[in-house]
Amino acid sequence: MLGAAGGIGQPLSLLLKQLPRVANLHLYDIANVAGVAADVSHVNSPANVRGFTGQTQLGAALEGCHLVLIPAGIPRKPGMSRDDLFNVNAGIVRDLVTACAKHCPTAVLNIISNPVNSTVPIAAEVLKTHGVYDPARLLGVTHLDVMRARTFVSEATGLDPNAVDVPVVGGHAGVTILPLLSQTTPALRLEQQLTQEQTEHLTHRIQNGGTEVVEAKKGAGSATLSMAAAAAQFAGKCLAAMAGEKNVTVCAYVASDSVKGLPFFAIRCRLGRSGVERIYPIGPMSAFEVDGLQKLIPELKSSIDKGVAFVTGKDGWDEQPLHNAQQRRVAARKSGVNDVRAGAGDVAGVQM
Ligand code: NAD
Ligand code: LMR
């Protein structure tokens, strides 16, 4: 994990140490990591923990890693948008992903640092520059949005939060976070069904869950504990799929053809041994959700373009390398990945 001594990094280190599939846990930060590593290493689980710090130890931290989690970077204070973090965090993510490209080019990357809508395109461009970009292995972590949706829907309906599921698509900032409440599973019984007012309220709360925490913390940071839980669940799913477990699905912000003009989109995916194995269609949406999708497109596109431009100096996403279905299938076969960026059919630019 890169950024292991931070607000997310510390509780996440503790949770990762306890994951049965973690054999070696490498904790890297620019400061204060030795104490975290010493502390976490005393938890009785098989994972062997080592701390690394400073630029000179970054390569050694990454060497041999199969999964890299990146929560390095500054968090929001009240009144800030996630995009306000771009000026600091874009460079941090670029430099850390450059090190990943050099020292663990086939690792699956989980990008947590905000603004995720831009840091994932930044990571993609860096990996491309080094000739090691495999879209299947680059995942923006939006699982906290799914956790919030599960929690808030269970509060509203009385459903078990561990049993309820809600896909959350789009991106990870404000209106770009689009919970598909109409696709809640298990299907809501008549008496549990959400009114339009409840749907709007829940959508707004899920979209602003991060801000709710930032304001409650009054300048002391953003979500750290719930994020650590979300990242540990997400990493656990990645590791399970990498170990060969079948039918592992998550929502993640990945390279996708789901919506025309948006090269990255948070969408439900099936994971496999090398990352994203299949991207599912968005599925049927309510009129409210279709409207939400239309509203998010300009903001998400501009955040993606901003990330791309940060690395390339060019304005837009270069579609060339994975432009058509044939090229994608060839690229997918080469990397041992099936169906990446495949969808069911294109309806008005959206794969439903
Ligand atoms: P924090 O300030 O508490 O911790 C960040 C850590 O990153 C610090 O320990 C810092 O030393 C370290 N760091 C800075 N530059 C580094 C570098 N070049 N290499 C390695 N480590 C470096 O912040 P936090 O609360 O842990 O949040 C971290 C990031 O995660 C923020 O950008 C925040 O917005 C984001 N976040 C994302 C989600 C999500 O859902 N994806 C949720 C919560 C927070
Ligand atoms: C969140 O959703 O909690 C994170 O993206 C942190 C933030 O800035 O809101």
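Quantities reported herein were computed from a predicted structural model and do not represent experimental measurements.

(A) Looking closely at unusual backbone geometry. A cis geometry characterises the amide bond from Asn114 onward to Pro115, with omega recorded as -5°. As for its placement among the helices and strands, Pro115 is situated in the loop between β4 (108-111) and α5 (116-129). That bond from Thr185 to Pro186 is cis: its omega, -5°, falls within 30 degrees of zero. The backbone of Lys218 sits at a positive phi, close to 50°, despite the residue not being glycine. Position of Lys218 among the secondary structure elements: in the loop between α8 (209-217) and α9 (225-242). Positioned with a positive phi, Asn247 is a non-glycine residue whose angle comes to about 55°. Residue placement: Asn247 occurs in the loop between α9 and β8 (248-259).

(B) Molecular detail of the site of ligand 1. The full set close to ligand 1 counts 33 residues, and Gly3, Gly6, Gly7, Ala72 and Asn114 are the nearest of them. Contributions of two or more residues to the shell around ligand 1 are made by β1 (24-29) and α4 (86-103). Counting residues per element, the shell around ligand 1 draws most heavily on α4, which supplies three residues. Tallied by class, residues from the shell around ligand 1 come to 19 nonpolar, 12 polar and two charged. No fewer than three residues from each of domain 1 (9-141 + 314-334) and domain 2 (143-302) sit in the shell around ligand 1.

(C) The site of ligand 2, seen in detail. Around ligand 2, the neighbouring residues are Pro75, Arg76, Arg82, Asn114, Leu144, His172, Gly209, Gly210, Val213, Val214, Ser222 and Ala223. Examining the composition of the shell around ligand 2, we find that four residues originate from one element, α8, more than from any other. Of the residues contributing to the shell around ligand 2, the split by class is five nonpolar, five polar and two charged. Both domains that meet at the shell around ligand 2, namely domain 1 (9-141 + 314-334) and domain 2 (143-302), each give it at least three residues.

(D) Focus on the packing of helix α6 (residues 143-157) against helix α7 (residues 196-207). Between α6 and α7, whose axes approach to 10 Å, the crossing angle comes to 145°. The two elements α6 and α7 meet at a crossing, and its hand is right-handed. When α6 is examined against α7, the residues Asp145, Arg148, Ala149, Phe152, Val153 and Ala156 are found in contact with a partner set consisting of Gln198, Leu202, Arg205 and Ile206. Taken together, the residues that form the contact of α6 with α7 break down as six nonpolar, one polar and three charged.

Quick notes on the rules
Residues numbered from 1 in each chain as written. Chains lettered and ligands numbered in written order. Predicted model: local features only at pLDDT ≥ 70, side-chain atom pairs only at ≥ 80, totals over all residues. Helix = DSSP H or I, 4+ residues; strand = E, 2+ residues; numbered from the N terminus. Near = placed C-beta within 6 Å. Nonpolar A, V, L, I, M, F, W, Y, C, P; charged D, E, K, R; others polar. Domains from an automatic or database assignment. Axes fitted to C-alpha atoms, helices over the stretch in contact; angles between N-to-C directions. Left-handed = near helix turned anticlockwise from the far one by under 90°. Contact = placed C-beta atoms within 7 Å.

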